There are 2 protein chains.
Amino acid sequence: MACIPLADRATGCYKRPVGSRWTVPEIATPALVVDLEACARNISAMASHAAANGIELRPHAKTHKCPAIATRQLAAGATGITVATLGEAEVFAEHGVGDVFVAYPLWAVGDIGQRLAQLSERVRLSVGADSVAAVEVLRRELDRVTGRSPGQAARLAVRVEVDCGLRRSGAAPADAVHIARAAADAGLVVDGIFTFPGHSYAPGMAATARDDEARALCDGAASLEAGGIPCRVRSGGSTPTAAGTAGDAVNELRPGVYVFNDAQQLALGTCQPDAVALAAIATVVSAPAPGRIVLDAGAKVLGPERPPWAPGHGVLPDRPAARVTGLWEHHAVVDVTGTAKLDLAPLRLGAQVAVVPNHVCTAVNLARVLHVVAGGELVDRWEVAAAGANR
Amino acid sequence: MACIPLADRATGCYKRPVGSRWTVPEIATPALVVDLEACARNISAMASHAAANGIELRPHAKTHKCPAIATRQLAAGATGITVATLGEAEVFAEHGVGDVFVAYPLWAVGDIGQRLAQLSERVRLSVGADSVAAVEVLRRELDRVTGRSPGQAARLAVRVEVDCGLRRSGAAPADAVHIARAAADAGLVVDGIFTFPGHSYAPGMAATARDDEARALCDGAASLEAGGIPCRVRSGGSTPTAAGTAGDAVNELRPGVYVFNDAQQLALGTCQPDAVALAAIATVVSAPAPGRIVLDAGAKVLGPERPPWAPGHGVLPDRPAARVTGLWEHHAVVDVTGTAKLDLAPLRLGAQVAVVPNHVCTAVNLARVLHVVAGGELVDRWEVAAAGANR
């Protein structure tokens, strides 16, 4: 049997690794921890970048689902926020956010028309559409729930989604005008167009995705304008492409992940380690064989995503030579054979260890609260108010 | 622009595909749906298999996190339930489950000792351990929170985890006696040993994993008995191995997924399509190009897992030729180029479509409620009471 000395008798935990900004012994593991200062720096840097390039910033709040963070993004100059679901929009509106874009091709059946009508009375609201059919369903539902005359002006704005190469949703840019015209005919405000250059999520693809995004937004805007419909907003953005976007084609950015960053962004080279602002803290619960330890943060805390180009199922920021080689729902297996002998003590049974998840949006959606640390102390707890608001 | 006819004007949805047991128009998508009859058959079949082989059944409740299902499993003859976290144990105890095994190598710092002491007063409780160090922490914490004399008998039982080849947690079987002796010396009940043959989760590996499980449990039991410690329980099991387990080495089974099954089990050949008892229902929200549709059930509903041997990010049970080729948080991209022309109508914009997730445990953990259908009608809603109880 592997013979491993017991953890510190007083706390049951090893002390924080020297220099770690993550581990706080009084937080029970597994838990997500935000480095307040790194998060503030990320918010500020993206706001400055957007302002310097004359681009409006509308951060995607699906990453954090936290009113406490949206408030900080707005205070730093964001125009409004982006969300993926109407449920998220409702949560942020309840918490005082006044300008929300649902960047999703909603199909407005069931209770969606009613919810949109109610929400658009309270906040400046825009939604995505990528087909004439979806606009017609939206028009019909708004007519039904609001009792308005067909085509009477609604407070709701529509942004036409165009595809820039991700091959997910989004119309061909040249077809944007048809959807925009259907929306205008339905009495909806036509706000502009949007796209998501998500093919930036692969090594070396950021520049290509950024070029594709610019071309699609130019073509989409030209389509609207050729049809006599002004295109006020040309919205794009993803965290891998945002910092290199200089304006012109794009006049609004919607990055989300940048507020925390994650192991994917590290692997893509989008950020440096000191810009990572969220980690899971875990306890070493098992050390069953030499070179292998097991942490209590599994896929139900970190999220299970592992793109083939990621170096593991997350990274250990304080022990970069350690590799997370296996992930189950409640177990992360870490190979520490590459770790120098001196660095192994902080990875012994009972030690508290930080793990940066591969995809932070997924990890945050699994949490109910984020523990906020600054200077090695727990300073706040932020409610993940929109956790589970995925409809 | 792809020109796609509008959905049915009255409901905004296409009618259920002929023969589908999943889609129920009044359920707003995305949502998880349980086929009550298939679920009941799965519960009954596993209970019969265990009984016929003289094996006790202790289903893993992390799969469903639903008291409504645990109650049915117990009524069908299960000895008790298995959970992965103390939080899950507490939720099921609150709902009347009286016998719970936390199949996890707990490291009993923080509030864990107190919670274990309290819970063991209310239910028959056992926990996993795979190191002497973890048993010593547990002993110390129980002494501290209960005020008992060192080594005085506790109500809590310990099961020693042994590794059978997964290389996750678990001691070498021959070392089990050291951990068992530490537990006995600490005044804990030594209940036996357990292992998880999780290397069964790969094509063609079930028989190997089952053999490995039998060997590890025999060796572990022999280790205890050679040290004079009776080994009452030899607990194993996973859904891919359970149906082929005939007893002898294993006298308790802990499968979890079998209650619903999923796309992984289909790919492994563990189950047939009619034994799949849970699917996400989704709406076709975008059909931006010929051969491609987009559903509103993404990774925040289905879970993001995709093992390399799975045929996609989930399967469409009613349209098996369709392939889920891409998955983002709120989008599933489905390639329908292989779908016969006649079968394309039910996949048009606005249609309701069922998707079986790759890993059902992950999908259920993301939900707050399961919609229960029988005979094409919504008959119940089950609360996922332990969603998020992952500590």
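Residues numbered from 1 in each chain as written. Chains lettered and ligands numbered in written order. Predicted model: local features only at pLDDT ≥ 70, side-chain atom pairs only at ≥ 80, totals over all residues.

Caption draft 1: Representation of the overall build of chain A within the structure. Helices and strands together make up the secondary structure of chain A, namely 11 helices and 16 strands. Taking the principal axes of the C-alpha coordinates as reference, chain A spans close to 75 × 40 × 35 Å. Each of the 391 residues in chain A was classed as buried or not, and the buried ones make up 61%. Sequence-distant contacts, at least 24 apart, represent 69% of the contacts inside chain A between residues at least 6 apart. (Helix = DSSP H or I, 4+ residues; strand = E, 2+ residues; numbered from the N terminus. Buried ≥ 20, exposed ≤ 12 C-beta atoms within 10 Å, placed from the backbone. Contact = placed C-beta atoms within 7 Å.)

Caption draft 2: Up close: the relation of the copies chain A and chain B. Between chain A and chain B, the superposition needs a rotation of 180 degrees and an axial shift of 0.0 Å, giving an RMSD of 0.0 Å. The symmetry that links the two subunits is that of a two-fold axis. Of all interface residues in chain A, 100% are interface residues in chain B too; the two copies therefore contact each other through one and the same surface. (Least-squares fit on C-alpha atoms with pLDDT ≥ 70 in both.)

Caption draft 3: Expanded view of unusual backbone geometry. Residue and element names in this part refer to chain A. Of note, the amide linkage connecting Thr29 to Pro30 takes the cis form, showing an omega dihedral of -5 degrees. With respect to the helices, strands and loops of the structure, Pro30 is situated in the segment before β1 (31-35). Located in the positive-phi region is Asn261, a residue other than glycine, with phi close to 60 degrees. The residue Asn261 is located in the loop between β9 (252-253) and α9 (263-268) in this model. Judged by the 25 C-beta atoms lying within 10 Å of it, Asn261 is buried.

Caption draft 4: Representation of helix α5 (residues 132-146) of chain A. Residue and element names in this part refer to chain A. With 15 residues, α5 ought to run about 21 Å at 1.5 Å a step, and its terminal C-alpha atoms sit 21 Å apart, in line with that. Regarding α5, the residues found buried are Val132, Ala133, Ala134, Val135, Val137, Leu138, Arg139, Glu141 and Leu142. Against β4 (99-105), α4 (112-122), β5 (124-129), β6 (157-161) and α6 (176-185) lie the buried residues of α5. (Expected span 1.5 Å × (residues − 1).)

Caption draft 5: Region of the structure containing the packing of helix α3 (residues 86-94) of chain A against α4(A). Residues and elements named next belong to chain A. Running from amino to carboxyl end, α3 crosses α4 at an angle of 30 degrees, the nearest separation of the two axes being 11 Å. Classed by the angle they form, the pair α3 and α4 counts as roughly parallel. As α3 packs across α4, the resulting crossing turns out to be left-handed. Touching Leu86, Ala89, Glu90 and Ala93 of α3 are Ile112, Arg115, Leu116, Leu119 and Arg122, all from α4. In terms of residue class, the contact of α3 with α4 is built from six nonpolar, no polar and three charged. (Axes fitted to C-alpha atoms, helices over the stretch in contact; angles between N-to-C directions. Parallel < 35°, antiparallel > 145°, perpendicular 65-115°, else oblique. Left-handed = near helix turned anticlockwise from the far one by under 90°. Nonpolar A, V, L, I, M, F, W, Y, C, P; charged D, E, K, R; others polar.)

Caption draft 6: Here's a closer look at the confidence of the model for chain A. Residue and element names in this part refer to chain A. Model confidence for chain A is summarised by a mean pLDDT of 94, while 95% of its residues fall at 70 or above. In the predicted structure, residues 1-7 sits below a pLDDT of 50 and forms 23 contacts with residues beyond four places in sequence or in another chain. Predicted as a complex, the structure gets a pTM of 0.95 and an ipTM equal to 0.95. (pLDDT = per-residue confidence, 0-100.)

Caption draft 7: Here's a closer look at the sheet that holds strand β3 (residues 81-83) of chain B. Residues and elements named next belong to chain B. With respect to topology, eight strands assemble into an open sheet ordered β2-β9-β8-β7-β6-β5-β4-β3, the strand pairing being parallel. Because the sheet does not close on itself, it has two edges, and the strands there are β2 (56-57) and β3. Summarising the sheet, β2 and strand β9 (residues 252-253) pair through two bridges and their orientation is parallel. By the bridge assignment, Glu56 is partnered in β9 with Glu252. (Pairing = 2+ DSSP bridges.)

Caption draft 8: Highlighting the domain arrangement of chain A. Residue and element names in this part refer to chain A. According to the domain assignment, chain A consists of domain 1 (31-35 + 265-383) and domain 2 (98-255). Taken together, the contacts link four residues of domain 1 with four residues of domain 2. For the side of domain 1 that touches domain 2, the per-class residue count stands at two nonpolar, two polar and no charged. (Domains from an automatic or database assignment.)

Caption draft 9: Representation of the interface of chain A and chain B in the model. Between chain A and chain B, the contact holds 56 residues from the first and 56 residues from the second. Take the side of chain A that touches chain B: its biggest share by element is five residues, from strand β10 (residues 278-289) of chain A. Of the residues that constitute the side of chain A that touches chain B, the class distribution is 26 nonpolar, 18 polar and 12 charged.

Caption draft 10: Just the packing of α5(A) against α6(A), in detail. Residues and elements named next belong to chain A. Following both chains from N to C, one finds α5 and α6 inclined at 10 degrees, their axes separated by 9 Å at the closest point. Between α5 and α6, the interaxial angle falls into the category roughly parallel. The segment α5 lies against α6, with Val132, Val135 and Glu136 engaging His178, Ile179, Ala182 and Ala183.

Caption draft 11: Representation of the environment of A:Ala70 in the model. Residue and element names in this part refer to chain A. Its location among the elements puts Ala70 in helix α2 (residues 67-75). Taking the C-alpha atoms as reference points, Ala70 and Pro59, separated by 11 residues in sequence, lie 8.3 Å from one another. In this view, Ala70 contacts Ala61, Ile81, Phe92 and Val97; residues no more than four positions away in its chain are not counted.

Caption draft 12: A look at the nonpolar core. By size, the foremost hydrophobic cluster in this structure holds 262 residues, and its most contacted members are A:Leu295, A:Ala332, A:Val355, B:Leu295, B:Ala332 and B:Val355. Once residues within four sequence positions are removed from consideration, B:Leu295 is found in contact with B:Ala282, B:Thr283, B:Val284, B:Val285, B:Ala332, B:Val334, B:Val353 and B:Val355. (Core = buried A, V, L, I, M, F, W, Y, C linked by C-beta atoms within 7 Å.)

Caption draft 13: Geometry of the environment of A:Ala129. Residue and element names in this part refer to chain A. Structurally, the position occupied by Ala129 is in strand β5. With 31 C-beta atoms counted inside 10 Å, the residue Ala129 sits in the buried group. Placed 27 residues apart in sequence, Ala129 and Val102 show a C-alpha to C-alpha distance of 9.9 Å. Once residues lying within four places of it in the same chain are set aside, the contact partners of Ala129 are Pro105, Ala134, Val135, Leu138, Val158, Val160, Glu161, Ile179 and Ala183.

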